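Notes for the structure review
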Amino acid sequence: MIVRIVGEGQLDVAEEHLDALNRLDGELQTALEGGDDAAFRAGLTALLSRVRELGAPVPDDEIVPSDLLLPAEDAHVDEVRKMLSADGLIPG
C-alpha cells in the first residue's frame, strides 16, 4: 500500500501492518473526538512515526498513485478532521 504523508513523499507499507496502524489511527480519532489537543498531537506523531518506520520510501522519480493520504505532522486539528472518514484516516 502506498502512503503519502503531506509534504514528505510516499512510503510503501506492507498490508500486514494495517492492524497496527489502525490501532494508532483509532487513538488519534478518539483524541480528536474528545478535544484533547495534547493527545491529538501525540497520536498524530505516533501514527506518522510508525508509518515512516514500517514503510520503504518510494523513489522521488517513481510516479505511483497513493492509496492513502496522511496529514503533515504539524497539521492543524481542523485540517485533520476534514481528512477523516468514518474509519479514521486509515480505512479498515
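Look a little higher up for the structure.
1. Brief notes about the overall build of the protein
Broken down by element type, the protein carries three helices and four strands. The order of helices and strands in the protein, counted from the N terminus, is β-β-α-α-β-β-α. Here the C-alpha radius of gyration of the protein, 13 Å, is about what a compact globule of 92 residues would show, namely 12 Å. Its C-alpha atoms give the protein principal-axis dimensions of about 40 × 25 × 20 Å. The buried share of the protein, reckoned over its 92 residues, is 40%. Counting only contacts in the protein whose residues sit at least 6 apart along the sequence, the fraction spanning at least 24 positions is 67%. Approximately 5,200 Å² of the protein is accessible, and the part contributed by carbon and sulfur atoms is 51%.

2. Focus: the nonpolar core
If you look at the biggest cluster of nonpolar residues, it comprises 24 residues, and the most contacted ones within it are Phe40, Leu47, Val51, Leu70 and Ile90. Put simply, the parts of the chain that give this core at least two residues each are β1 (2-5), α1 (18-34), α2 (37-54), β4 (68-70) and α3 (77-83). Every residue in contact with Ile90, bar those within four places of it in the chain, is listed here: Leu18, Leu21, Asn22, Asp25, Leu47, Leu68 and Leu70.

3. Things to note about α1
Helical geometry note: an α-helix holds 3.6 residues per turn, so side chains three or four residues apart project in the same direction. Taking 1.5 Å of rise per residue, the 17 residues of α1 would be expected to cover 24 Å, and the 24 Å separating its terminal C-alpha atoms lies within 8% of that figure. Among all positions in α1, only Leu18, Leu21, Asn22, Leu24, Asp25, Leu28, Gln29, Ala31 and Leu32 are buried. If you follow the buried residues of α1, they end up packed against α2 and α3.

4. Section: the pairing of β1
Bridging between β1 and strand β2 (residues 9-12) involves four bridges; their strand directions are antiparallel. Residue Arg4 lies in a different strand from β2, and its bridge partner there is Gln10. Sheet analysis places β1 next to β4, joined by three bridges and oriented parallel. The residue bridging Val3 from the neighbouring strand is Leu68, located in β4.

The rules we used
- Residues numbered from 1 in each chain as written.
- Predicted model: local features only at pLDDT ≥ 70, side-chain atom pairs only at ≥ 80, totals over all residues.
- Heavy atoms only, no water.
- Helix = DSSP H or I, 4+ residues; strand = E, 2+ residues; numbered from the N terminus.
- Rg over C-alpha atoms; globule rule 2.2 N^0.38 Å.
- Buried < 20%, exposed > 50% of the residue type's maximum accessible area, 1.4 Å probe, protein only.
- Contact = heavy atoms within 4.5 Å.
- Areas by Shrake-Rupley, 256 points an atom, 1.4 Å probe, with all protein chains shown as cover.
- Core = buried A, V, L, I, M, F, W, Y, C linked by side-chain atoms within 4.5 Å.
- Expected span 1.5 Å × (residues − 1).
- Pairing = 2+ DSSP bridges.

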